[in-house]
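Overview (structure and organization)
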Amino acid sequence: MKYIKLISIFVILSFIGISCEDTKMEWEERDPSSEVTVAEIPLKMEEKIERYDALKTYTNMKLGVGVGASLYMDDQRVDSIVNENFDEVVAGYIMKHGPMVQSDGSLDFTAADAFVQKAKDAGLDVFGHTLVWHQNQNAGYLNGLIAPEVIPGPAGANLLSNGDFEENIDGWNSWGAAKEVVEHTTDDAVSGSGSLKAVTAAGAANLWDLEIQSEDVPVIEGHRYEITFFIRSEGIGHVRLAFNNMNLEYPWIAGAETVETSSSWQQVTYNAETLGEDLMPAEGATTMNFRFDIGKDPNMTYYIDNVVMVDIDAGPAEVNYVLNGNFESGDLTNWSVMNAGAGIEVTDTEAFEGSYSAKMTAGESSSNPWDLQLQSADISVAEGNDYVLTFYVKADQVGEGRVSFPGLSNEWPHKDWYDSGGEWTESFVVTTNWQLITARMDVLEYAEGNTSFKLSFDFGYVPNVTYYIDNVKFVEATGPSGAPLLKSSGPTIIEKTDEEKTQIITDALENWISEMVGHYKNDITAWDVVNEPMNNDGTVRDGNVTNPANDEFYWQKYLGGDYAVMAFNLARQYGNQNDILFINDYGLESSIPKCQGLIDYVEYIEAQGAQVDGIGTQMHISINTNKENIVQMFELLAATGKLIKVSELDVQVLTDAPTSEDFEKQAEMYQFVVENYREIIPEAQQYGITVWGLSDAEQEHENWLPDDAPCLWDADYKRKLSYKAFADGLAGRDVSEDFTGELQY
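This write-up is about the structure you can find in this document. Just so we're clear, the structure is a prediction, and the values are computed from it rather than from any experiment.

**Quick look at the overall build of the protein chain**
- Scanning the protein chain from N- to C-terminus turns up 15 helices and 34 strands.
- At a minimum sequence separation of 6, the contacts of the protein chain that also span at least 24 residues come to 78%.
- Averaged over its 45 positive side-chain charges, the protein chain has a centre that lies 8 Å from the centre of its 123 negative ones.

Below, the structure written as structure tokens:
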């Protein structure tokens, strides 16, 4: 290092002659001890801060930084500061479930691999963040796994007056030597809440030992008919249909006399395809009935639901005013693309029924409903009547849509889109499974001067989502205004049982953790396994949340409190035995009960056989955070004997126009945290400190603390006073006391 020596003012004056009238000043020698030396010249604070070395030079513990992956990959300033000052880097988003897991459940490692490799090349460790959380999840994929199965109903109106058994089994008669019970039940149902329950007696041996007969149904000679129903049994059972006044009395189905039943609901269909010939009325018949013959197996319980009989040759039961609403033309005939987004077309890759559907993809910058818009042709119907709009929709990930009605007096109405009697909203959530959307239009009213209107499918709320729309119908309502929409031969919706959901989510958790940890087994040796499991009162979250965000999924809702046990065991199983596995939460310094609750939960997890190596305290704090609480938190965490990590430290100044006093308070708080961590947490338990975010630059705060300045570097990536305070805290002293006035260059 070179130095420029400052010239003493006294030396300068020695070359200057001063005269007053004819008398010259006499020179005198100064005591050298009174001269100002180069080293004693005071430095400005800015000069002191710039003379500090990189942060990691002031400590032996691990220093980390959480940073956006794209910034680290693409911004040279970020890259340089991270590599110079830190030992470990944490990707802020790209390694979470949401961006990693694709719509089919596969993992896309492309972006994360590039991030990990760049960090390794720079000599940095990568901390895995995070395996099990409730936010930043691909909730569309996970919810799709446990979504109900939607089975299209047969075309046409149901000729049976009571085939869903929602309230009773009126219209059905039963008899037989082995009849034990035939009754209405709410114990089980394939959809809705009711079904028909039948139990055979111990002596059952023949199919006719228990028969359940339908009402008489009017039929038309020469027409073809189809009957479908759902059935399950508590064991292996058998069922057949027998007919009166039809051309087939005891038809075999799919080459067998009976259909074997099991504990799972199954749909059975009697039509030409399964019987080998058409099911038609006998000559001269004007009515018919049919029987369920289920008396073959003793002590067997059956549940029957959603029995539908349709006349295949009947005229249309409704008039659909939407032209090409099923898109079976194979193109967008009678539809207009108003805003194409990333593309609108007809596709044969997805369809609810038939071969085609409309495919709409939102663009990268899509944020308004009208950014992706498809409109129908003009619809002209009688004003003042009641109508119903229905259609089916799904997406490749969770999205959002609405339907607007250009030409009506209320173009953007709020609706009960699910026809459930629930909340009326502007839009509806679209999941990865087909779902029925319904909008009742009671007393239709045109806008002034209009005699027609359009349906506008507005799906631009969420960027990069692909939607599929099918079976768009606008028909006259089948019931009075305000009455439930009749869906007698509509789709059957089969909900999965709680046990099925638990198993499905268990498998999904294992697939996610095994793929993620296994892939990075040689690259990452420390993970946030479970993130933010606690409520602020110290209880464990149960996942029962009203209106979760589109990227929220609560694993514990389906796996219970042991979800964390499972997560730690899986991370240990598929990773390295000596990997360091953390549980992590926020607000432990603001809620001591939460801190204690987390410690208790760790003890519970380990009592179930899993091993938790460390506890992370995020510490998103402010200049006003209670310091006594910080001390108490560290004391509680130290007493656990676990590795302790400050995992996401930042200090908010609580304003978008901070003063120098605010920055002084911020620096003081940073130093307080670091000093107390070093003092209270035993050295053997100090995993290290990770700061969350590098600078106050706007690009780093688009989604986190946008109106604050919480970091160690300012918006221009220059060191702040907090940098000095942080370094002093690490060093355990004021490092700048060693600096001299000698200029450095």
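**Re empty space enclosed by the protein**
- This structure, assessed with the given rule, holds one cavity of 30 Å³ or more.
- What the largest cavity holds in volume is close to 40 Å³.
- In this structure, the largest cavity is lined by His97, Val101, Gly105, Leu107, Tyr141, Leu142, Ala508, Asn511 and Trp512.
- With three residues, helix α9 (residues 498-519) is the single largest residue contributor to the lining of the largest cavity.
- Grouping the amino acids of the lining of the largest cavity by side-chain chemistry returns six nonpolar, three polar and no charged.

**A short note on unusual backbone geometry**
- Each neighbour pair has its own omega, and for His129 with Thr130 the value is -5 degrees, a cis peptide bond.
- Relative to the helices and strands, Thr130 resides in the loop between β5 (125-127) and α7 (139-146).
- One non-glycine residue, Asn306, lies in the positive phi region at around 50 degrees.
- Relative to the elements of secondary structure, Asn306 occurs in strand β17 (residues 301-311).
- Of note in the backbone geometry, Glu532 takes a positive phi value of approximately 55 degrees without being a glycine.

**Topic: the pattern of salt bridges**
- According to the stated counting rule, one finds 27 salt bridges in the structure shown.
- Across the pair Asp293 and Arg291 runs a salt bridge, and its minimum N-O distance is 4.0 Å.
- Judged by relative accessible area, Arg291 falls into the buried class, the value being 6%.
- Between Lys665 and Glu661 there is a salt bridge, and its shortest N-O distance comes to 3.8 Å. Of this pair, Lys665 and Glu661 both sit in helix α14 (residues 660-680), four residues apart, roughly one helical turn.
- One salt-bridge network, in which partners are shared between bridges, spans Glu211, Arg240, Glu257, Arg291 and Asp293.

**A few points about the pairing of strand β4 (residues 88-91)**
- Here β4 shows no split at all, with Glu88 and Val90 on one side and Val89 and Ala91 on the other all buried.
- When strand β3 (residues 62-67) meets β4, the two strands line up parallel, connected through four bridges. What sits directly across from Val65, in β4, is Val89.

**A word on the sheet that holds strand β26 (residues 456-458)**
- Overall, antiparallel pairing links the five strands, which are arranged β18-β21-β26-β23-β24 in an open sheet. Edge strands, defined here as strands with exactly one partner in the open sheet, are β18 (335-339) and β24 (428-430). Sheet twist, expressed as the mean angle between neighbouring strand axes with direction ignored, is 30 degrees.
- Note: strand β23 (residues 399-404) against β24, three bridges, orientation antiparallel. Its bridge partner being in β24, Glu400 is matched across the sheet by Val429.

**Points about α9**
- Here α9 is 22 residues long and its end C-alpha atoms lie 31 Å apart, about the 32 Å a rise of 1.5 Å per residue gives.
- Within α9, burial applies to Lys501, Ile505, Thr506, Ala508, Leu509, Trp512, Ile513, Ser514, Met516 and Val517.
- Contacts from the buried residues of α9 go to α5 (97-100), α7, β29 (526-531), α10 (555-559) and α11 (563-574).

**A word on the sheet that holds strand β8 (residues 179-185)**
- The five strands lie next to each other as β8-β9-β17-β12-β15, forming an open sheet whose pairing is antiparallel. Looking at strand neighbours, the two that pair on one side only are β8 and β15 (266-270), the edges of this open sheet. In this sheet, neighbouring strand axes are inclined to one another by 25 degrees on average, regardless of whether the strands run parallel or antiparallel.
- Pairing analysis gives four bridges linking strand β9 (residues 195-200) to β17, with the strands arranged antiparallel. Bridge pairing links Ala198 to Tyr302 in β17.

**Remarks on the side chain of Thr301**
- Tracing the sequence through the fold places Thr301 in strand β17.
- A relative accessible area of 11% means that Thr301 is categorised as buried.
- Dropping the residues within four chain positions of it, Thr301 is found in contact with Lys197, Ala198, Val199, Arg232, Ser233 and Glu234.

**Considering the packing of α11 against helix α12 (residues 592-607)**
- For the pair α11 and α12, the least separation of the axes is 9 Å and the interaxial angle reads 65 degrees. Seen from above, α11 lies across α12 with right-handed handedness. Contact residues: Tyr563, Ala564, Val565 and Phe568 in α11; Tyr601, Tyr604 and Ile605 in α12.
- Tallied by class, residues from the contact of α11 with α12 come to seven nonpolar, no polar and no charged.

**Observations concerning the layout of surface pockets**
- Of the pockets and cavities examined, the second largest pocket occupies roughly 1600 Å³.
- As for the second largest pocket, its lining consists of 48 residues, of which Gly92, Tyr93, Ile94, Asn136 and Asn703 are closest to the centre.
- Contributions of two or more residues to the lining of the second largest pocket are made by β3, α3 (69-74), α5, α6 (110-121) and α7.
- Class assignment for the residues of the lining of the second largest pocket results in 17 nonpolar, 23 polar and eight charged.

**Side note on the environment of Glu510**
- Relative to the helices and strands, Glu510 resides in helix α9.
- Separated by 64 residues in sequence, Glu510 and Tyr574 place their C-alpha atoms 9.5 Å apart.
- Among residues more than four places away in sequence, those in contact with Glu510 are Leu570 and Tyr574.

**What about the environment of Trp512?**
- Residue position: Trp512 is located in helix α9.
- Expressed as a C-alpha distance, the spacing of Trp512 and Asn334, which sit 178 residues apart in the sequence, is 44 Å.
- Leave out the neighbours within four places in its chain, and Trp512 touches Met95, Lys96, His97, Met100, Val101, Leu107, Thr130 and Leu131.
- A polar side-chain atom of Trp512 sits 2.6 Å from the main-chain carbonyl oxygen of Leu131.

**Thoughts on α14**
- A rise of 1.5 Å per residue sets the reference length of α14, with its 21 residues, at 30 Å; its end C-alpha atoms lie 30 Å apart and thus fit the reference within 8%.
- Within α14, burial applies to Asp662, Gln666, Ala667, Met669, Tyr670, Phe672, Val673, Val674, Asn676, Tyr677 and Ile680.
- The elements touched by buried residues of α14 are β32 (620-622), α13 (627-638), β33 (643-652), β34 (686-692) and α15 (721-731).

**Overview of the packing of aromatic side chains**
- A full pass over the atoms with the stated rule returns 35 aromatic pairs.
- Relative to Phe474, the ring of Tyr387 has its centre 5.4 Å away and its plane inclined at 15 degrees; by these criteria the two rings are stacked. Here Tyr387 is found in strand β22 (residues 387-395), whereas its partner Phe474 is found in strand β27 (residues 466-476), with 87 residues between them in sequence. Both residues of the pair, Tyr387 and Phe474, count as buried.
- Taken together through their ring pairs, the aromatic side chains of Phe327, Trp335, Phe391, Trp417, Phe428, Phe457, Phe459 and Tyr467 make up a single cluster.
- Between Lys594 and the ring centre of Tyr586, over which it is positioned, the NZ or CZ distance is 3.5 Å.
- Positioned over the ring face of Phe672 is Lys627, at 5.1 Å from the centre of the ring.

Cut-offs used in this document
- Residues numbered from 1 in each chain as written.
- Predicted model: local features only at pLDDT ≥ 70, side-chain atom pairs only at ≥ 80, totals over all residues.
- Heavy atoms only, no water.
- Helix = DSSP H or I, 4+ residues; strand = E, 2+ residues; numbered from the N terminus.
- Contact = heavy atoms within 4.5 Å.
- Lys, Arg positive; Asp, Glu negative; His and termini not counted.
- Charge placed at Lys NZ, Arg CZ, Asp CG, Glu CD.
- 1 Å grid on protein atoms, 1.4 Å probe; cavity = no way out; pocket = protein on both sides within 12 Å on 5 of 7 lines; lining within 4 Å.
- Points joined across faces, edges and corners; volume = space filled by probe spheres on them.
- Nonpolar A, V, L, I, M, F, W, Y, C, P; charged D, E, K, R; others polar.
- Salt bridge = Lys/Arg side-chain N within 4 Å of Asp/Glu carboxyl O.
- Buried < 20%, exposed > 50% of the residue type's maximum accessible area, 1.4 Å probe, protein only.
- Pairing = 2+ DSSP bridges.
- Axes fitted to C-alpha atoms, helices over the stretch in contact; angles between N-to-C directions.
- Expected span 1.5 Å × (residues − 1).
- Left-handed = near helix turned anticlockwise from the far one by under 90°.
- Polar contact = N/O pair within 3.5 Å; in protein donor to acceptor, adjacent residues only side chain to side chain.
- Phe/Tyr/Trp six-rings, centres within 6.5 Å; stacked < 30°, edge-to-face > 60°.
- Lys NZ or Arg CZ within 6 Å of the ring centre and 35° of its normal.

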